[in-house]
Amino acid sequence: MSFIETNIRPLIKNVRKTDLAWRYVLNLLPTIKYMISGNGRLDSIESEILRELDENGIVITTVSELFGDTSQFEELDSEVSRVLQLRKAEIEELRSVANDDTAIGSKTFILELLGGDVVFDERSIFARIALNNSLLNIADSYLRMTSKLRYYNVWQTFASSGAARESQLWHFDREDRLILKVFLYLDDVDEGAGPFTYAPGTHKKGRYRAIEPEYFVEGGVRRTTDEQMNAVFAEDKWISGIGKKGTLILADTRGFHKGGESRTKDRLMYTCMYTSPASESKRLINYPTDLDLSCLTPKQIRALQHK
């Protein structure tokens, strides 16, 4: 084994286990940048969302409340409708394998409408939503550093009838110590559409961060059933993200959550993710060589950190 594999990688792994080292060693520069700029740009709504995120790890609001101007959402809705129509035949073919539970790890019940490898287009509405100033303000302030945009896409979750599996079961994400994900409903989501469901306070900042429900390993990933979660965190405390079209959920998915157990109707939503620059997340956005940054603000460019 090489020196790096024997010494450096185990050292980095141990460093990630403590917040101080994660913040002031692996993410020192983005932390300093944030300390210099501060979070004074937060308006009253953003400040309240940040307070709830810090305490509970989840906030449910609406695009109109946070963005104020709904023009971006209306453009997103229109563009998604266009893509759905364009891929209609393909989508119906993919729907036929939604109940295939033999391909664990593939999430056959979810279609990434923009494809598995997103090519960043700075002028597309999908990128512009992810780079919305309010979302960047909250992401930076929640992580207390200049955060990095890691992912954006549109998910269509097909209604299926099989036993809950993969992300339909309780779990927490492991790409970073703090992970902020955004879920924007493009259709009404009721219990039958598989709403995003969260155990508040189980994130790294939360009062219940130490809970350890029983689990089983599915495809190399720890999964927990409703019964196992209820044994350590009562079901009446779970937050179910039921909401109308335009509902906006922000959540730290380092806390326990599940979603996508759609039974009676499909679920359609836009999603994006922010992490620290030192996250172990794999590359989920591809940047073209002719990327035009002239139309972006300095804050948006920092969020890309694409090089």
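Conventions and cut-offs
- Residues numbered from 1 in each chain as written.
- Predicted model: local features only at pLDDT ≥ 70, side-chain atom pairs only at ≥ 80, totals over all residues.
- Heavy atoms only, no water.
- Helix = DSSP H or I, 4+ residues; strand = E, 2+ residues; numbered from the N terminus.
- Buried < 20%, exposed > 50% of the residue type's maximum accessible area, 1.4 Å probe, protein only.
- Contact = heavy atoms within 4.5 Å.
- Areas by Shrake-Rupley, 256 points an atom, 1.4 Å probe, with all protein chains shown as cover.
- Salt bridge = Lys/Arg side-chain N within 4 Å of Asp/Glu carboxyl O.
- Pairing = 2+ DSSP bridges.
- Phe/Tyr/Trp six-rings, centres within 6.5 Å; stacked < 30°, edge-to-face > 60°.
- Lys NZ or Arg CZ within 6 Å of the ring centre and 35° of its normal.
- Axes fitted to C-alpha atoms, helices over the stretch in contact; angles between N-to-C directions.
- Core = buried A, V, L, I, M, F, W, Y, C linked by side-chain atoms within 4.5 Å.
- Parallel < 35°, antiparallel > 145°, perpendicular 65-115°, else oblique.
- Left-handed = near helix turned anticlockwise from the far one by under 90°.
- Nonpolar A, V, L, I, M, F, W, Y, C, P; charged D, E, K, R; others polar.
- Polar contact = N/O pair within 3.5 Å; in protein donor to acceptor, adjacent residues only side chain to side chain.

Asker: If you had to explain the overall build of the chain to someone new, which residues and values would you point to?
Answerer: Secondary structure summary: the chain contains 11 helices and 13 strands in total. Counting across all 307 residues of the chain, residues that qualify as buried make up 50%. By sequence separation, contacts in the chain at least 24 residues apart represent 85% of the contacts at least 6 residues apart. Of the roughly 14,800 Å² that the chain leaves accessible, carbon and sulfur atoms contribute 51%.

Asker: So what about the pattern of salt bridges? Which residues, and what values?
Answerer: In total, this model carries 19 salt bridges according to the counting rule given. For Asp19, the salt bridge identified is with Arg23, shortest N-O distance 3.9 Å. Of this pair, Asp19 and Arg23 both sit in helix H2 (residues 19–26), separated by four residues, roughly a single helical turn. Its relative accessible area of 2% is what places Arg23 among the buried residues. Shared partners join several salt bridges into a network, and the residues in it are Asp19, Arg23 and Arg177.

Asker: Please give an account of the sheet that holds strand S9 (residues 239–240) that cites residues and values.
Answerer: Spatially, three strands are ordered S9-S6-S11 in an open sheet, and the strand pairing comes out antiparallel. If you trace the sheet from one side to the other, it starts and ends with S9 and strand S11 (257–258), each paired once. Pairing of strand S6 (residues 197–198) with S9, which is carried by two bridges, proceeds in the antiparallel orientation. Paired with Thr197 across the bridge in S9 is Ser240.

Asker: Give me the lowdown on the packing of aromatic side chains, citing residues and values where you can.
Answerer: Inspection of the entire model under this criterion finds eight aromatic pairs. Counting every residue linked through ring pairs, the aromatic cluster contains Trp155, Phe183, Phe196 and Tyr198. The ring centre of Tyr142 lies 3.9 Å from the NZ or CZ of Lys205, which sits over that ring.

Asker: Give me the sheet that holds strand S12 (residues 267–275): which residues, what numbers.
Answerer: Each strand in a sheet pairs with its neighbour through backbone hydrogen bonds, running either in the same direction (parallel) or in the opposite one (antiparallel). Spatially, six strands are ordered S1-S10-S5-S12-S4-S2 in an open sheet, and the strand pairing comes out antiparallel. On the outer flanks of this sheet lie strand S1 (58–62) and strand S2 (110–112), each paired with one strand and no other. Taken over all neighbouring pairs, the strand axes of this sheet differ in orientation by 25° on average, direction set aside. Bridge analysis of S2 against strand S4 (residues 148–157) gives three bridges, and the strand direction is antiparallel. Pairing of Glu112 across the sheet is with Trp155, part of S4.

Asker: Outline the pairing of S12, supporting the account with residue identities and numerical values.
Answerer: With respect to burial, S12 is a largely interior element, nine of its nine residues being buried. Both faces of S12 are covered, namely the face carrying Arg267, Met269, Thr271, Met273 and Thr275 and the face carrying Leu268, Tyr270, Cys272 and Tyr274. Pairing geometry for S4 and S12, over nine bridges, is antiparallel. Paired with Trp155 across the strands is Met269, a residue of S12. One ladder, built from six bridges, connects strand S5 (residues 180–185) with S12; its direction is antiparallel. Residue pairing for S12: Tyr185 is matched across the bridge by Met269.

Asker: Break down the nonpolar core for me, citing the residues and quoting the values.
Answerer: Core analysis: the biggest nonpolar cluster contains 52 residues, and Tyr152, Tyr270 and Tyr274 have the highest contact counts within it. Counting residues per element, this core draws most heavily on helix H9 (residues 133–143), which supplies six residues. Formed by 16 residues, the second largest nonpolar core is a distinct cluster that contains Phe109, Ile179, Phe196 and Ile249.

Asker: Describe the environment of Phe196, with residues and values.
Answerer: Checked against the element boundaries, Phe196 lands in the loop between S5 and S6. The class for Phe196 is buried, based on a relative accessible area of 3%. Note: C-alpha distance between Phe196 and Ile242 (46 residues apart in sequence) is 7.7 Å.

Asker: Which residues make up the packing of helix H4 (residues 44–56) against H9, and what values do they have?
Answerer: Interhelical geometry of H4 versus H9 gives an angle of 40° and a closest axis separation of 10 Å. Between H4 and H9, the angle falls in the class oblique. Our pair here, H4 against H9, has a crossing hand that is right-handed. Along its contact with H4, which presents Glu46, Ile49, Leu50, Leu53 and Asp54, the element H9 presents Ser134, Asn137, Ile138, Ser141 and Tyr142. Residues belonging to the contact of H4 with H9 are distributed by class as follows: five nonpolar, three polar and two charged.

Asker: Now, about H9: what can you tell me, with residues and values included?
Answerer: Since the α-helix advances by 3.6 residues per turn, residues separated by three or four positions end up pointing in the same direction. H9 sits mainly inside the fold: 10 of its 11 residues count as buried. For H9, the complete set of buried residues consists of Ser134, Leu135, Leu136, Asn137, Ile138, Ala139, Asp140, Ser141, Tyr142 and Leu143. N-cap assignment for H9: the residue whose side-chain oxygen lies 2.9 Å from the backbone N of Ser134 is Asn132. Where H9 terminates, the next one or two residues include Arg144, which has phi positive at roughly 55°.

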